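Below, each chain spelled out in residue letters.
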Amino acid sequence: MENEKALILEDSKKKSNPISDPSISTLPSQKVLDITESHHSAKQRKLKQEFADRQSKRTKDLSHLIQLDFAIYDIFELTPMNEYELYVRNYGSHHSTHSITQTNEDQSEVDIQTDDWYVNDRWTQNPPHQLIDYGIEPPSLPWMTKGKTERQKSSKTTTITQIEETASHGPRLGPFLERSSRLIESLLDESTSPDYVYDEVNSHGELFTNSRSFKTFSFLAEYPVYKIDYYDDNAKYILITWNCIKERSLLGVKSILIVYKLNDLQPFRVLICYPKITCTYISPDQPNIIMAGTKDGSIQLWDLRESETLHMKNGLEPIEEYQMRWPSYINDGDLSNPHTSAIVTLHHSNNHLKTKTHERNSFQILSIDQSGYHQTWIVLLQSKESSEPKLLQSHINLIAGDGWMIEPPNKSDFIKDNFIYESLFFKTGKYILASDNGIMYHYSKFKDHCSPKKFLNGYTDLPNSLSVTCLSCSFFNDSLFLVGYDNGLIDLFTNTTDLQLMNWNLDGRIVQIQWSPHRPSVFYVLVENGLIYIYDLMDTFIDYCHLFDVTNENNWCTSFVLPYREGTSTQAALVLGMKNGQVLSFDIDQSLTEQLIDEETEFSQTISSLGISDPQTD
């Protein structure tokens, strides 16, 4: 029993202290080394350390004397390429050019115009053929003359093909050329002085001199000039209308319009139509578009850019080398045309439309007939390449918009037999319609409230015998306008009061009134007997200041116009339409065209002194 306890106690000691086991050694592993070799290796390490120390010291000493330089060498460089560049490199590296780029954005297009590449053929042959082994012209080798490439075959027609492709794939080329031609034409008109041939009688008083006659046709001698028009902001064209033509060679044509340029006495375009014309209009956005309203309620449109070749097969022979032009578009027989009476006026509605394509342009007009019906129209212009080479044909379309019938402020004002005879539009969007009962009604194109609602002539003793014959608005003060009546009365109004400021009386029916575009206080009045009265309100308010008389026994003035181009040095002129169909032009004296010192301000103060404040000075 005691022996077993002694064995267990000895076994536990061995487990708790393994070092006591003689079979396990705690000393590191030993290696036998040679004394000679150990000494040699220690000596080598010492020599290397000394050499390294000397070299480090030498480097440190020389670093103050030597400045190191850097050299960079590119062994290989690969420029990164995107997907498009890789496509151009693989596909477009052989005789091709980049002409257009299309992005993924909607309605976004970027054009890149490049010059034609100059391609020169070079060839070489080894062994040489007929002692020639190279050249720069197309080779004449027998085995290469038959197999020309496609590029060599089309080398002669490359320029023509590129021009045709440019014309067909360049939608903006036509509008660009049109705008450029307008600019060049206007610059030429301003820089060149017209070579006028003056008549033998070159003076009609001191105020109007240098009489000139526009060229017309001989058969128009028996027809009086009905109307002379131009666009106020840009008198590039003068439009003259003759009505009731009975020339047999014109196949029943009732109206002829001749377009003249401002500085040219020769006709620019000759326009014809079947119905009788009652009003004309030149678009401010498209001066090459002429519109006319007719007695039967239709609208005629002409495009002055059309080539004469389009009108050579219209059944009419040229008159004195001038080709007659039918309308480019008419709405006769169109069921969407609501006008059943004569159209009184055509006016720009100030609503510009932009379409997605550059080939199409559009604008809106407003037409009013004698019954008071208003109709808006959208004029669409689309340029299209004609079948004939180098001919740009314009296609016009007229689309009916909204229409409405006007209502007078008081329903009792309208009589069944009353008609709208004249209209006057202001820059504010408001306008006046004058009826044959002498009352003028105030409206707005935007259907805003208008005050006053109507303008009264103040002649209570003549309630129904007055008829408005003409209206004219001042060029300098949009609130002032003049009214002419069939009994010779003239009223001065502002669009803020319903009663007239001043009135004058002349002998005979008032045919036409026009404010001067040069001076704010001057206006011209044409009476039925052909006399033109000139008023200068800075001189006197009582009576006219000048009288212009070009009448004789069988001829007198039937219409006139004062064309004016702002910003040009063109001589101010007075254009007269005569009863015998003749059209005359006179230069106006500077006393009627040059403003006095502070004339516009003093005239506004004079208007205020009449008891009515001028809206532009408030």
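Notes on the structure follow. (Residues numbered from 1 in each chain as written. Predicted model: local features only at pLDDT ≥ 70, side-chain atom pairs only at ≥ 80, totals over all residues. Heavy atoms only, no water.)

### Quick notes on the sheet that holds strand S5 (residues 208-213)
Step number 1: Pairing is antiparallel across the open sheet formed by four strands, whose spatial order is S5-S33-S32-S31. Each end of this open sheet is capped by a strand with a single partner; those strands are S5 and strand S31 (557-561). On average, each strand axis in the sheet is tilted by 25 degrees relative to the strand beside it, whichever way the strands run.
Step number 2: Where S5 lies against strand S33 (residues 583-588), four bridges are found, and the strand directions are antiparallel. Residue pairing across strands places Arg 212 opposite Ser 585, the latter belonging to S33. (Pairing = 2+ DSSP bridges. Helix = DSSP H or I, 4+ residues; strand = E, 2+ residues; numbered from the N terminus. Axes fitted to C-alpha atoms, helices over the stretch in contact; angles between N-to-C directions.)

### Side note on the pattern of salt bridges
If the charged atoms of two oppositely charged side chains come close together, the side chains can form a pair.
Step number 1: The final tally for this structure, using the stated rule, is five salt bridges.
Step number 2: The salt bridge partner of Arg 305 is Asp 303, with a shortest N-O separation of 3.0 Å.
Step number 3: The exposure class assigned to Arg 305 is partly exposed, which follows from its relative accessible area of 27%.
Step number 4: Via salt bridges that share partners, Arg 519, Asp 536 and Glu 599 belong to a single interconnected network. (Salt bridge = Lys/Arg side-chain N within 4 Å of Asp/Glu carboxyl O. Buried < 20%, exposed > 50% of the residue type's maximum accessible area, 1.4 Å probe, protein only.)

### Some remarks on the packing of aromatic side chains
Step number 1: This structure, assessed with the given rule, holds 20 aromatic pairs.
Step number 2: Considering the side-chain rings of Phe 208 and Phe 548, the 4.3 Å spacing of their centres and the 25 degrees angle between planes classify their relative orientation as stacked. Within this pair, whereas Phe 208 is found in strand S5, its partner Phe 548 is found in strand S30 (residues 546-548), the two being separated by 340 residues in sequence.
Step number 3: The class for Phe 208 is buried, based on a relative accessible area of 2%.
Step number 4: Residue classification places Phe 548 among the buried positions, given a relative accessible area of 2%.
Step number 5: Cluster of aromatic residues (ring-pair linked, three or more members): Trp 504, Trp 515, Phe 523, Tyr 533, Tyr 535, Tyr 544 and Phe 603. (Phe/Tyr/Trp six-rings, centres within 6.5 Å; stacked < 30°, edge-to-face > 60°.)

### With respect to the pairing of strand S11 (residues 289-294)
Step number 1: Most of S11 is tucked away, with six of its six residues classed as buried.
Step number 2: Burial along S11 is two-sided: Ile 289, Met 291 and Gly 293 and Ile 290, Ala 292 and Thr 294, pointing in opposite directions, are all buried.
Step number 3: Looking at chain direction, strand S10 (residues 277-282) and S11 are connected through five bridges and run antiparallel. If you follow Thr 280 over to S11, its bridge partner there is Ala 292.
Step number 4: Between the end of S10 and the start of S11, which pair antiparallel, lie six residues.
Step number 5: Inspection of the sheet shows S11 paired to strand S12 (residues 299-303) by five bridges, in the antiparallel sense. Within S12, the residue paired with Ile 290 across the bridge is Trp 302.
Step number 6: Hairpin connection, S11 to S12: the antiparallel pair is bridged by four residues, and Gly 297 has positive phi, about 90 degrees.

### Remarks on helix H7 (residues 599-609)
Step number 1: If you check which residues of H7 are buried, you get Glu 599, Phe 603, Ser 604 and Ile 607. Mapping the buried residues of H7 onto a view down its axis gives an arc of 135 degrees, with all of them on the same face. Within H7, the exposed residues directed more than 90 degrees away from the buried face are Gln 605 and Ser 609. (Arc of directions from axis to C-beta.)

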